[in-house]
Amino acid sequence: MTAPLIIGEIMQNTYPNYYKKFSCIADKCPDTCCAGWEIVIDPESLSKYEALGGEYAEKIRSLITVDGDGDSIFSPENNRCPFLLDSGLCEMYIELGHNSLCRTCRLFPRHVTYFGARTETGLSLSCPEAARIIMESPEPIYFETEETHADIMPTAIDPSLYFTLIETRKTAINILQNRKFPIEKRIISFLALSEEIQHLIRKNRLSETKTICTKDFLAGQYEIGPHSDKKRVLAKYFGDFKSLEMLDESWKTRLDKAEKTLTVKFPDCEWEYEHLMIYFVFRYMTAAVFDGDLLAKAKFAAVSYIIISRLQAENIADKSARISAMQKYSKEVEHSQLNMDKIFSLIKKSRFYSTDNLINILSQKEN
Ligand code: SF4
């Protein structure tokens, strides 16, 4: 059940510099977002469809059903949205225009997180066009904030934790964009930073955030504590990802292959990993304001890098294949709440996802 939106309030919105470049490529899309998953209809759209007059409105209403969780959805046909035409276009969009779409379809691939009167919006890597745009330019990604009138989802947040997370995120971005160091070293330093800030969060010592954020994490050598054998850890990670709900059965085969491969260093694509990490950091880090678990978000970003870099190894010289591996990962993992809940639960509970195990894998050249 979602909270009701407050319509047309003044708010600050922060977004990555590539955000406004997105436009759906519809029938030219190699992997439509209108198949493979359920579209839950938000209450406002549902009321709109119930009140809509005309012949086409009858068709819309006839295609609405209720799923096992009690959510109203459009009844899928052969695992596809019933409005998706063979041409790859959306019939509802053609008949009634963009504003007729439900909130999920109007927004996707844009994601929004509400922090009181602030929002953060980005593009999801699970859309091939968004992934292409995110990975288009080697220039470091930056963020813009603008004041705007928009719809606010009311959320109660702890301001001191929120500003701690904002400061930590700035430091994390500086670390991850420092190109004097290899990407693995940057991710290790990012994990070390997150571990120290998580300690402050646990001990309720947020006033010490600045001291931690001014430390030079990249200059130091992380002392790896007790850890498990690298092969066992990787087998556990791949086993966990293979146990997730799958949209596409070929995903398992890709994970099987990736598990057996060594990561391959390919010149000139470190900035893509940097953009990938910035994507995860921007999307998830400040959301720790809702559960206080910053370290789990950092570990998710690190384990995602570990899996994705192995998924790419087979076709490492081909940029579109590298981007496709990131997009598939995002679609399979990030776009299933069930999968995200399972992975985060494993990250929080299993010793295999300890910072030391992650750093041990990242710190070895021959992975
Ligand atoms: S996945 Fe992206 S580009 Fe493809 S149809 Fe959906 S929004 Fe458009």
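In every chain, residue numbers begin from 1 and rise along the written sequence. Local features are withheld for residues below a pLDDT of 70 in this predicted model, meaning they are given only at 70 or higher, and side-chain atom pairs are given and counted only at 80 or more; totals for whole chains, interfaces and linings count all residues.

### Quick word on the overall build of the protein
Okay, step 1: Broken down by element type, the protein carries 15 helices and six strands.
Okay, step 2: Its C-alpha atoms give the protein a radius of gyration of 21 Å, near enough to 21 Å, the size a compact globule of 367 residues would have.
Okay, step 3: Considering only C-alpha atoms, the protein reaches an extent of 70 × 45 × 40 Å along its principal axes.
Okay, step 4: Between the buried cut of 20 or more and the exposed cut of 12 or fewer other C-beta atoms within 10 Å of a residue's own C-beta lies the partly exposed class, and all C-beta atoms are placed from the backbone. Taken over 367 residues, the protein has a buried fraction of 34%. Elements are defined by DSSP. Helices are runs of H or I of four residues or more, strands are runs of E of two residues or more, and each kind is numbered from the N terminus. Radius of gyration means the value over C-alpha atoms here, while the globule rule gives 2.2 Å times the residue count to the 0.38 power.

### Regarding helix H6 (residues 159–176)
Okay, step 1: Expected span of a helix, by definition, is 1.5 Å for each gap between consecutive residues, and there is one gap fewer than residues. Its 18 residues place the ends of H6 25 Å apart at the C-alpha level, agreeing with the 26 Å of an ideal helix rising 1.5 Å per residue.
Okay, step 2: Taken residue by residue, H6 has Thr164, Leu165, Thr168, Arg169, Thr171, Ala172, Ile173, Ile175 and Leu176 as its buried positions.
Okay, step 3: The contact rule is simple: place each C-beta atom from the backbone, and if two of them lie within 7 Å, those residues are in contact. Contact partners of the buried residues in H6: helix H7 (183–203), helix H8 (209–213), helix H11 (270–284) and helix H12 (294–312).

### Considering the nonpolar core
Okay, step 1: Each nonpolar core reported here comprises buried Ala, Val, Leu, Ile, Met, Phe, Trp, Tyr and Cys residues connected via C-beta atoms within 7 Å. Ranked by internal contacts, the top residues of the largest apolar core, which has 81 residues, are Ile187, Leu191, Met277, Val281, Ala302, Tyr305 and Ile307.
Okay, step 2: In terms of residue count, H12 provides more of this core than any other element does, 13 residues in total.
Okay, step 3: Annotation comment: domain bounds sourced from an automatic or database domain assignment. Counting residues domain by domain, this core receives three or more from each of domain 1 (34–107) and domain 2 (159–363).
Okay, step 4: Leaving out residues up to four positions away in the same chain, methionine 277 has contacts with Leu176, Ile187, Ala301 and Tyr305.

### Quick word on the pairing of strand E5 (residues 118–123)
Okay, step 1: The sheet contact formed by strand E4 (residues 110–115) and E5 spans six bridges and is antiparallel. What sits directly across from threonine 113, in E5, is glutamate 120.
Okay, step 2: Pairing between strands is defined by DSSP: at least two bridges between the two strands are required. Connecting the antiparallel pair E4 and E5 is a turn made up of two residues, with glycine 116 showing a positive phi of about 60 degrees.

### Digging into the packing of H12 against helix H15 (residues 355–363)
Okay, step 1: Under this scheme, a helix contributes an axis fitted over its contacting stretch, all axes are lines through C-alpha atoms, and angles between N-to-C directions fall in the 0 to 180 degree range. Running from N to C, H12 and H15 cross one another at 35 degrees; their axes reach a closest spacing of 11 Å. For the pair H12 and H15, the sense of crossing is left-handed. Packed against H12, whose contacting residues are Lys299, Ala302, Val303 and Ile306, the element H15 presents Leu358, Ile361 and Leu362 at the interface.
Okay, step 2: Amino acids outside the nonpolar list (Ala, Val, Leu, Ile, Met, Phe, Trp, Tyr, Cys, Pro) and the charged list (Asp, Glu, Lys, Arg) are all regarded as polar, and Gly is one of them. When the residues that make up the contact of H12 with H15 are grouped by side-chain class, the tally is six nonpolar, no polar and one charged. Left-handed describes a crossing in which the near helix is turned anticlockwise from the far one by less than a right angle; the clockwise case is right-handed.

### Quick notes on the packing of helix H9 (residues 230–242) against H15
Okay, step 1: Two numbers describe how H9 lies on H15: the axes approach to 10 Å, and their chain directions differ by 110 degrees. In this view, H9 runs roughly perpendicular relative to H15, as classed from their interaxial angle. Within the contact between the two elements, H9 uses Lys230, Val233 and Leu234 and H15 uses Asn357, Asn360 and Ile361.
Okay, step 2: Of the residues in the contact of H9 with H15, the class split is three nonpolar, two polar and one charged. For classification purposes, angles smaller than 35 degrees are called roughly parallel, those larger than 145 roughly antiparallel, those between 65 and 115 roughly perpendicular, and all remaining angles oblique.

### Some words on the domain arrangement of the protein
Okay, step 1: The assigned domain composition of the protein is domain 1 (34–107) and domain 2 (159–363).
Okay, step 2: The gap between the C-alpha centroids of domain 1 and domain 2 is 35 Å.

### Details of unusual backbone geometry
Okay, step 1: For the peptide bond that leads from phenylalanine 108 to proline 109, omega is 10 degrees, which places it in the cis range.
Okay, step 2: Among the secondary structure elements, proline 109 is positioned in the loop between helix H4 (103–107) and E4.
Okay, step 3: Of note in this structure, asparagine 78 is not a glycine but carries a positive phi near 50 degrees.
Okay, step 4: Phi is positive for asparagine 79, which is not a glycine, with a value near 65 degrees.
Okay, step 5: Structurally, asparagine 79 is set in the loop between strand E3 (72–74) and helix H3 (91–96).

### Some details on the environment of isoleucine 188
Okay, step 1: Following the sequence through the fold, isoleucine 188 ends up in helix H7.
Okay, step 2: With 173 residues separating them along the chain, isoleucine 188 and isoleucine 361 place their C-alpha atoms 9.8 Å apart.
Okay, step 3: Those residues in contact with isoleucine 188 that lie beyond four places of it in its chain are Tyr222, Ile359, Leu362 and Ser363.

### Description of the environment of leucine 101
Okay, step 1: On the secondary structure map, leucine 101 appears in the loop between H3 and H4.
Okay, step 2: Separated by 183 residues in sequence, leucine 101 and tyrosine 284 place their C-alpha atoms 27 Å apart.
Okay, step 3: Once residues lying within four places of it in the same chain are set aside, the contact partners of leucine 101 are Met92, Tyr93 and Arg106.

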